[in-house]
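Below, each chain spelled out in residue letters.
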Amino acid sequence: MTEITTHPRSDLIDTGEVALIYMIDPPNLLTPSIPLLLSIRRHHPNAKVIPYCPKGKIDEVPERIRQFHIDHDAPIQELTRELEFARRNNSKPYYHGHKILAAAEKRETRFCIWLDTDTYLAQPLDDARLFQENRVAAAPESIAGYSGRFIEVWDKTYAVFGLETPKERMKMVRTTNMQPPYFNAGFIAFPEVTARGERFGELWLDTAMIIDYDETLDHARKRPWLDQASLPVAIFRGGCEFEQMESDFNYPIDVPDWFPHDGVKLYHYHGIERLEATNHLAEMEEIVVSSGYFRSLEHHLYPMLQRRREQAVFWKRIAVIADERRDFAEKIKQAEDRAEHRPFKQEIQKRKVEDKELREKISAILEHHFYDETWLVKCDENREAAGQAAE
């Protein structure tokens, strides 16, 4: 018989002393924010919820999404800072960094819980271990993405701050690999202010920036794992401790090993496809349909999935163009006479122009183009579906 461990409960999250925060980053992370907020309000109707969007992008959030958050006492706020992570070794902005910027925002609450937008609550977050002074709570990562099996990666990282690698070890969720503290950053509970009087979110941001710009550390390992690499370093750098939570607090739905079960507190589904693969769409459907905003899960998902479908047509052509450019580049290498290079270079230039045009078309395809009149609207049709779902 399996022994069930119980932990002290706390209703602190319902007193307004805890902020639940997440990101909405148009044109992405729009549709997933809806079941997340609905699930929060189901279990914590009085909690303080602060969704953030990148600085200067609030007007890009569709009006219906903005109004939905206002109606649920969670108005979207713009971040006060922009991404400033290193770009010299990376062609794209580090979008994962938005969560660190959000954590670093100033709030009047005692504690904060960061939630990835592709999560939803299945039970209340009422475990007292989440709300401890000077203690950060999170669940281990699935694999040791940042360091792999090389402990010297951590040694070099901590050495940047004049620290030794912690002696503690924890097992990664999907492997037998024992690692220094390393957490999945999809769910993090932390005190706003450490025992030293530092704001933990600001300390995490500062730590991430130092790691990102340090030339002695392997730049390839920093993407996409900078957020998770810097989190434990920030904990120890700030003189804090950590609380290792069970995977039920950040449950990675996946097949064949990680199926849903009744003990899960928070599902981290990493895309609707994984919910479908594990035959676990019913819970999300119940969340969105019972709200009265949608007539079905398909209705809820349609704008996001249709956007992907229409973009996929162009992405397919872009992939073909990339292959063609490589072929022409190879022909240039093989040509013995430089006079033969010109037609190949012209073809490559044509493909570059087409690639740019296709990417502009992709950027112009937005979810709200596929909203129907009843999407995210409490109308008779959707209320009827909600009533039928409750029967």
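The structure we're discussing is the one just above.
The paragraphs below set out a description of the structure included in this document. Nothing here was measured: the structure is a model prediction, and the numbers come from that model.

## What about the overall build of the chain?
- Of regular secondary structure, the chain possesses 11 helices and 12 strands.
- C-alpha extents for the chain along the principal axes are approximately 80 × 60 × 45 Å.
- Taking all 391 residues of the chain together, 52% fall into the buried category.
- For the chain, long-range pairs separated by at least 24 residues make up 74% of all intrachain contacts whose partners lie at least 6 apart in sequence.
- Carbon and sulfur atoms provide 49% of the accessible area of the chain, an area that totals close to 19300 Å².
- Computed over 53 positive and 67 negative side-chain charges, the separation of the two mean positions in the chain equals 6 Å.

## Quick look at the pattern of salt bridges
- As enumerated under the stated definition, the model contains 30 salt bridges in all.
- A salt bridge links Asp-126 to Lys-265; the shortest N-O distance between them is 3.1 Å. On the criterion of sequence distance, the pair formed by Asp-126 in the loop between strand E5 (119–121) and strand E6 (135–140) and Lys-265 in the loop between strand E11 (251–252) and strand E12 (266–268) is long-range, its members being 139 residues apart.
- Here the salt bridges share partners, and the residues they tie into one network are Arg-317, Glu-324, Glu-347, Lys-350, Arg-351 and Glu-354.

## A few points about unusual backbone geometry
- Of note, the amide linkage connecting Pro-26 to Pro-27 takes the cis form, showing an omega dihedral of 10°.
- In this structure, Pro-224 follows Arg-223 across a cis peptide bond, with omega equal to 0°.
- Structurally, Pro-224 is set in the loop between helix H5 (200–213) and helix H6 (226–237).
- Positioned with a positive phi, His-270 is a non-glycine residue whose angle comes to about 55°.
- Inspection of the secondary structure puts His-270 in the loop between E12 and helix H7 (272–277).
- The exposure class assigned to His-270 is partly exposed, which follows from its relative accessible area of 35%.
- One non-glycine residue, Asn-279, adopts positive backbone phi at about 55°.
- Mapped onto the elements, Asn-279 comes out in the loop between H7 and helix H8 (282–290).

## A short note on helix H10 (residues 341–364)
- Here H10 spans 35 Å end to end across 24 residues, near enough to the 34 Å set by a 1.5 Å rise per residue.
- Within H10, burial applies to His-341, Phe-344, Ile-348, Arg-351, Asp-355, Leu-358 and Ile-362.
- Tucked inside the fold, the buried residues of H10 contact helix H9 (297–334).

## Details of the sheet that holds E11
- On the basis of which strands lie adjacent, the open sheet formed by 3 strands has the order E5-E12-E11 and mixed pairing. At either margin of the open sheet sits one strand with a lone partner, and together these are E5 and E11.
- In this sheet, E12 lies alongside E5 in antiparallel orientation, the contact comprising 3 bridges. When the bridges of E12 are listed, Leu-121 appears paired with Leu-266.

## Some words on the nonpolar core
- Counting 58 residues, the largest nonpolar core has Ile-113, Leu-125 and Leu-130 as its most contacted members.
- For this core, the element with the most residues is helix H1 (residues 33–43), which contributes 5 residues.
- Setting aside its immediate chain neighbours within four residues, Leu-125 contacts Ile-13, Leu-20, His-44, Ile-113, Leu-130, Phe-131, Phe-187, Phe-249 and Lys-265.
- Ranked by size, the runner-up nonpolar core spans 45 residues in total, among them Tyr-52, Ala-104, Cys-112 and Ala-234.

## Describing the packing of H1 against H8
- One can describe the packing of H1 onto H8 by two numbers: an axis separation of 10 Å at closest approach and a directional angle of 80°. Comparing their axes, H8 and H1 come out roughly perpendicular. Counted together, Pro-35, Leu-38, Ser-39 and Arg-42 of H1 and Met-284, Glu-286, Ile-287, Val-288 and Ser-290 of H8 form the full contact between these two elements.
- By residue class, the composition of the contact of H1 with H8 is 5 nonpolar, 2 polar and 2 charged.

## Concerning the pairing of strand E2 (residues 48–53)
- Buried residues dominate E2, accounting for 5 of its 6 residues.
- For E2 and strand E3 (residues 77–78), the ladder comprises 2 bridges, and the chain directions are parallel. Across the sheet, Cys-53 pairs through a bridge with Glu-78, a residue of E3.
- On the question of chirality, the crossover connecting E2 to the parallel E3 by way of helix H2 (residues 63–71) is right-handed.

Calculation criteria
Residues numbered from 1 in each chain as written. Predicted model: local features only at pLDDT ≥ 70, side-chain atom pairs only at ≥ 80, totals over all residues. Heavy atoms only, no water. Helix = DSSP H or I, 4+ residues; strand = E, 2+ residues; numbered from the N terminus. Buried < 20%, exposed > 50% of the residue type's maximum accessible area, 1.4 Å probe, protein only. Contact = heavy atoms within 4.5 Å. Areas by Shrake-Rupley, 256 points an atom, 1.4 Å probe, with all protein chains shown as cover. Lys, Arg positive; Asp, Glu negative; His and termini not counted. Charge placed at Lys NZ, Arg CZ, Asp CG, Glu CD. Salt bridge = Lys/Arg side-chain N within 4 Å of Asp/Glu carboxyl O. Expected span 1.5 Å × (residues − 1). Pairing = 2+ DSSP bridges. Core = buried A, V, L, I, M, F, W, Y, C linked by side-chain atoms within 4.5 Å. Axes fitted to C-alpha atoms, helices over the stretch in contact; angles between N-to-C directions. Parallel < 35°, antiparallel > 145°, perpendicular 65-115°, else oblique. Nonpolar A, V, L, I, M, F, W, Y, C, P; charged D, E, K, R; others polar. Right-handed = clockwise from strand over helix to strand, strands pointing away.

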